[in-house]
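Residues per chain are reported as follows:
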Amino acid sequence: MFFVEAIELEGLGNRSYLAGGRRTAVVVDPPRDIDRVLAAAARRGVAITQVVETHIHNDYVTGGPELARITGAAYRVPAGAHVSFARTAVSDGDTVVIDAELVLAAVATPGHTPHHTAYVLSEAGRPVAAFTGGSLLIGTVGRPDLVEPRLTEQLARAQHASARRLADSLPDETEVLPTHGFGSFCSSAQADGEATTIGKEKAANPALTVEVDTFVAELLAGLEDVPAYYAHMSPANTAGPAPVDLTVPAVADPHDIAARLAAGEWVVDLRNRIAFAEGHVAGSFNFEADGKLATYLAWLIPWGKPVTLLAESAEQLAAAQRELVRVGIDRPAAAATGGPADWLRADESVASFPRATFAELAGRDRGRIVVLDVRRSSERAEGWIEGSVHIPVHQVHRRIDEVPDGTVWVHCAGGMRAGIAASLLDAAGRDVVAVDDGFDAAAAAGLAIVTEEG
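Residues numbered from 1 in each chain as written. Predicted model: local features only at pLDDT ≥ 70, side-chain atom pairs only at ≥ 80, totals over all residues. Heavy atoms only, no water.

### What about the pattern of salt bridges?
Counted according to the given criterion, the structure contains 31 salt bridges. Of the charged contacts in the structure, one is a salt bridge between Glu224 and Arg376, with a shortest N-O distance of 3.3 Å. Of the two residues, Glu224 is situated in the loop between helix H6 (212-221) and helix H7 (230-239) and Arg376 in the loop between strand E17 (369-373) and helix H14 (377-381); the sequence distance between them amounts to 152 residues. Look at Glu224 and you get partly exposed, because its relative accessible area is 25%. By relative accessible area, Arg376 is classed as partly exposed at 26%. Between Asp436 and Arg355 there is a salt bridge, and its shortest N-O distance comes to 3.0 Å. (Salt bridge = Lys/Arg side-chain N within 4 Å of Asp/Glu carboxyl O. Helix = DSSP H or I, 4+ residues; strand = E, 2+ residues; numbered from the N terminus. Buried < 20%, exposed > 50% of the residue type's maximum accessible area, 1.4 Å probe, protein only.)

Spelled out as structure tokens, the structure:
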């Protein structure tokens, strides 16, 4: 019997996989923090003999080279990927034995990248699972615009052909196990669901139900902004990432925190947005540890800028470090735990700002306030508060000067991104109110909602 175990990277919206038999196993698209993979293999009592990559990743730093080094596994990377380290080059049709009666076969599936390769696991000659990386996802495909703008349409067409190649060559009951699509911005559209098969995708996936010209036009029209940190992931993965260091950072006392803020460094408070609004170090930014920390902090922070982390506990700090190394933010400059009372000098006061609901916004005189919508463009297109200003959260830091004068009531779809934006505005000296509410409540509160159709 074979097994497949998914290793979730929830903050990034990705999955890695450990798959094998009774004695040996393969790891597909391993995360940077490989200790989770090693622990999973130890629990199952299997040796990792193969590590494979579906592609050179654009959204996270791989742990492949280090995992292969530690386990002695063969490290298999698509032959078309130009890398600076030793690996076993994989070409279309290559096979490798994973365990008794378990064989892994490479299937060229260009589209997400030119060299993208899927892997089909067969037991006794019967395909049982397809590790599809960034090709065929749940209800969608991986985005084709992360490599080079001149290649985007060509890769979109290749993505359509690759999805159909998989669907045409595999039984309907074959499990489809993608790396992306669980919230990852590598997905070209929101992927729904947790599990799927080739048969289910044939019935619902546009790549398999829509002709190529329409598919490409709709795919390209729906692409949104790429997280800024993606520009640094492929070079890191091409060079071969260094091992991670998750040891505790240097401790920052109140004077050190103040000095780092004065120097223009980023001080990031990891507590939840409610606690942050109630009291925080003036000038610090709020990126909740329980939100999409790695995605949004890596997206917004100027690359290479020193970051000091403020956490409510050692456990929260350790979890944040783990998330951040996955996107190449390897070592915080310093860190502190506790709360504002522990982080402020004796002569400093706690900063704060109010939170509100859409019902409270509806009761305000709109002539005296600014409503700032920090959702993505696709979200806003479905309806926005009349008279609101739109700046997506990842652009707020560099576009604060564009926010009109007045108290800023900032909202998103649920509250997390509004909390980030409110902290950025507060640090810039603006009067701000964080609307911590679901956007569905805006219309119910009586706020006028405008759509593109009018």
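Picking up after the structure, the text goes on.
### So, the packing of helix H3 (residues 152-169) against H6
Axis separation between H3 and H6 bottoms out at 10 Å; the angle between their running directions is 125 degrees. It follows from the interaxial angle that H3 and H6 lie oblique. Handedness of the H3/H6 crossing: right-handed. Residues Thr152, Glu153, Ala156, Arg157 and His160 of H3 form the contact with H6, whose participating residues are Val212, Asp213, Phe215, Val216, Leu219 and Leu220. For the contact of H3 with H6, a count of residues per class yields 6 nonpolar, 2 polar and 3 charged. (Axes fitted to C-alpha atoms, helices over the stretch in contact; angles between N-to-C directions. Parallel < 35°, antiparallel > 145°, perpendicular 65-115°, else oblique. Left-handed = near helix turned anticlockwise from the far one by under 90°. Contact = heavy atoms within 4.5 Å. Nonpolar A, V, L, I, M, F, W, Y, C, P; charged D, E, K, R; others polar.)

### Points about the side chain of His180
Topologically, His180 is positioned in the loop between strand E11 (175-178) and helix H4 (198-204). A distance of 2.8 Å separates the side chain of His180 from the side chain of Asn14, its partner in a polar contact. A polar atom in the side chain of His180 sits 3.3 Å from the side chain of His55. Residues contacting His180, with those up to four places away along its chain left out, are Gly13, Asn14, His55, His57, Asp59, His112, Gly133, Gly134, Leu137 and Cys186. (Polar contact = N/O pair within 3.5 Å; in protein donor to acceptor, adjacent residues only side chain to side chain.)

### Some words on empty space enclosed by the protein
Evaluated as defined, the whole model comprises 2 cavities of 30 Å³ or more. If you add up the space inside the largest cavity, you get close to 70 Å³. Contributing to the lining of the largest cavity are Val52, Arg76, Val90, Asp94, Thr95, Val96, Leu104, Ala105, Ala106 and Tyr119. Broken down by secondary-structure element, the contributors of at least two residues to the lining of the largest cavity are strand E7 (95-99) and strand E8 (102-108). No other element matches E8, which puts 3 residues into the lining of the largest cavity. Classifying every residue of the lining of the largest cavity by side-chain character gives 7 nonpolar, 1 polar and 2 charged. The volume enclosed by the second largest cavity comes to roughly 50 Å³. In terms of lining, the second largest cavity is formed by Arg273, Phe276, Asn286, Phe353, Arg355, Gly415, Ala418, Gly419, Ala434, Val435 and Asp436. Counting residues per element, the ones that place at least two in the lining of the second largest cavity are helix H9 (273-278), helix H16 (416-427) and strand E21 (432-435). (1 Å grid on protein atoms, 1.4 Å probe; cavity = no way out; pocket = protein on both sides within 12 Å on 5 of 7 lines; lining within 4 Å. Points joined across faces, edges and corners; volume = space filled by probe spheres on them.)

### What to know about the packing of aromatic side chains
Inspection of every chain in the model, using the stated rule, returns 9 aromatic pairs. Measuring from centroid to centroid gives 5.9 Å for Tyr296 and Trp299, while their planes differ by 15 degrees, and the two rings are stacked. Of this pair, Tyr296 and Trp299 both sit in helix H10 (residues 293-300), separated by 3 residues, roughly a single helical turn. For the pair shown, Tyr296 and Trp299 are each scored as buried. These aromatic residues form a ring-pair network of at least three members: Phe185, Tyr296 and Trp299. Over the aromatic face of Phe182 sits the side chain of Arg15, whose NZ or CZ is 3.8 Å from the ring centroid. Taking the ring centre of Phe439 as reference, the NZ or CZ of Arg375 above it sits at 4.0 Å. (Phe/Tyr/Trp six-rings, centres within 6.5 Å; stacked < 30°, edge-to-face > 60°. Lys NZ or Arg CZ within 6 Å of the ring centre and 35° of its normal.)

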